[in-house]
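What follows is each chain in one-letter form.
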Amino acid sequence: MKVSEKLTLPCGAVLPNRIAKSAMSENMAKPVFYPGEEFYNAYKTWVDGDVGLCISGNVMIDSRYLGEANNVVIEKGLDNTKELMNWAKASAGKENHIWIQLNHPGKQSPKYLSKEPVAPSATPLAPPLDKMFNQPRALTEQEILEIIERFGYAAKTVKECGFDGVQIHGAHGYLVSQFLSPAHNKRTDKWGGSIENRMRFVIEVYKKIRQVVGDSFPIGIKINSADFGRGGFTNEEAVFVAKSLSDLGIDLIELSGGSYETPVMTGAQSKTARQNAKPTF
Ligand SMILES: Cc1cc2nc3c(=O)[nH]c(=O)nc-3n(C[C@H](O)[C@H](O)[C@H](O)COP(=O)(O)O)c2cc1C
């Protein structure tokens with residue numbers, strides 16, 4: 001295998017090579033939540049540089065819960081499709097792909113953006129992060145179902161605007177990752193407890209997206225190989241979730257690790273991460 005070789009995904013789409021740019025939050029949306037010309041320019045540069053797969057920075061699915069102040073948002077009622085279509089044109093006529101990463105931050109929405117963030121359970125982030133993030137409240141089942149619908153709506157919009165695929169952000173301690181982690185998900189209903197229950201949310205998000213975008217549109221996910229935190233999502237569980245999503249037909253799985261509490265994904269080893277890191281492989 002060479003990095004220059006094409007890669008055919010399970011859905012039938014073909015990536016022109018094996019080089020991918022991971023998500024990097026652009027943090028440069030214009031008010032209100034729309035991607036200006038800068039997005040087109042940045043992605044055109046990557047595409048012209050022959051990056052086979054360009055994954056966007058996290059695009060939020062609910063303007064009430066942002067990860068950062070200048071996130072792009074895709075939700076019903078927001079009229080930013082013209083700008084999204086312009087961004088998607090950066091790969092028009094090329095084999096190179098641009099995928100949009102969809103995210104809900106859950107409790108990792110800072111104080112200045114969310115008065116009361118939502119999460120699987122009302123468990124605050126560990127000190128000193130509790131100073132920067134408000135105490136979350138637990139989602140009701142109705143709200144969980146609404147968030148799944150929001151992922152579906154955003155993915156459908158991504159496809160309609162001309163992008164080449166979507167990636168679910170299931171890593172780094174955001175909402176999907178919170179559901180997967182026994183340290184953050186203390187629910188006693190069908191959305192918490194066993195790994196089968198904790199992964200129900202991401203499985204339902206995947207199924208909803210697949211239902212709205214069809215069988216031939218690429219869907220990927222970024223998940224943690226482990227949370228690297230005490231009582232968190234383990235390496236064995238990551239393998240189980242990856243296999244389950246693969247059996248359902250997911251096209252690409254990107255592995256990362258960590259969360260705001262154990263920020264191994266930044267390269268910085270926090271004291272907590274150092275104390276808690278216990279890779280099981
Ligand atoms: C400026 C910057 C912004 C980032 N934004 C995102 C993001 O929006 N979504 C995401 O999944 N990862 C984001 N990341 C993390 C990277 O995609 C990547 O996961 C991280 O550098 C660790 O690499 P690894 O996942 O291969 O271990 C960002 C990284 C940087 C440096």
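The structure displayed is predicted, hence computed values, not measured ones.

A.B. asks: What am I meant to see in the overall build of the chain here?
C.D. replies: Of regular secondary structure, the chain possesses eight helices and ten strands. Viewed in the frame of its principal axes, the chain has a C-alpha envelope of about 50 × 45 × 35 Å. Each of the 281 residues in the chain was classed as buried or not, and the buried ones make up 46%. Long-range contacts, defined as pairs at least 24 residues apart, comprise 70% of the intrachain contacts of the chain with a sequence gap of at least 6.

A.B. asks: Sorry, what's going on with the nonpolar core here?
C.D. replies: Among soluble globular proteins, nonpolar side chains are generally buried collectively. One finds Leu-102, Val-176 and Val-202 to be the most contacted residues of the largest nonpolar core, which totals 66 residues. Discounting residues that sit within four places of it in the chain, Val-202 has contacts with Ile-168, Gly-170, Val-176, Phe-179, Leu-180 and Val-241.

A.B. asks: It is not clear to me how helix 3 (residues 141-160) should be interpreted in this structure. Could you clarify?
C.D. replies: Residues that lie three or four places apart on an α-helix share one face, since the helix turns once every 3.6 residues. Helix length check: helix 3, at 20 residues, gives a terminal C-alpha distance of 29 Å against a target of 28 Å (1.5 Å per residue), a fit within 8%. Of the positions making up helix 3, those classed as buried are Ile-144, Ile-147, Arg-150, Phe-151, Gly-152, Ala-154, Ala-155, Thr-157 and Val-158. Residues of helix 3 that are buried sit in contact with helix 2 (81-88), strand 5 (97-103), strand 8 (165-170) and helix 6 (200-213). Trailing helix 3 by a residue or two, Gly-162 shows a phi angle of about 105 degrees, which is positive.

A.B. asks: What exactly am I supposed to notice about the environment of Ser-256 here?
C.D. replies: Turning to its location among the elements, Ser-256 is positioned in strand 10 (residues 252-256). When the 17 C-beta atoms within 10 Å are taken as the criterion, Ser-256 is described as partly exposed.

A.B. asks: Sorry, what's going on with the confidence of the model for the chain here?
C.D. replies: If pLDDT is low for a region, its predicted coordinates should not be looked at in detail. Within the chain, residue pLDDT values average 94, and 95% of them lie at 70 or more. Across residues 277-281 the pLDDT falls below 50, and counting only partners more than four positions away or on other chains, this stretch makes seven contacts in the model.

A.B. asks: Just to check I follow, could you spell out the site of the ligand for this structure?
C.D. replies: What surrounds the ligand is a group of 13 residues, the closest being Ser-22, Ala-23, Ser-25, Asn-58 and Ser-256. Residues of the shell around the ligand, tallied by class, amount to four nonpolar, eight polar and one charged.

Cut-offs applied
Residues numbered from 1 in each chain as written. Predicted model: local features only at pLDDT ≥ 70, side-chain atom pairs only at ≥ 80, totals over all residues. Helix = DSSP H or I, 4+ residues; strand = E, 2+ residues; numbered from the N terminus. Buried ≥ 20, exposed ≤ 12 C-beta atoms within 10 Å, placed from the backbone. Contact = placed C-beta atoms within 7 Å. Core = buried A, V, L, I, M, F, W, Y, C linked by C-beta atoms within 7 Å. Expected span 1.5 Å × (residues − 1). pLDDT = per-residue confidence, 0-100. Near = placed C-beta within 6 Å. Nonpolar A, V, L, I, M, F, W, Y, C, P; charged D, E, K, R; others polar.

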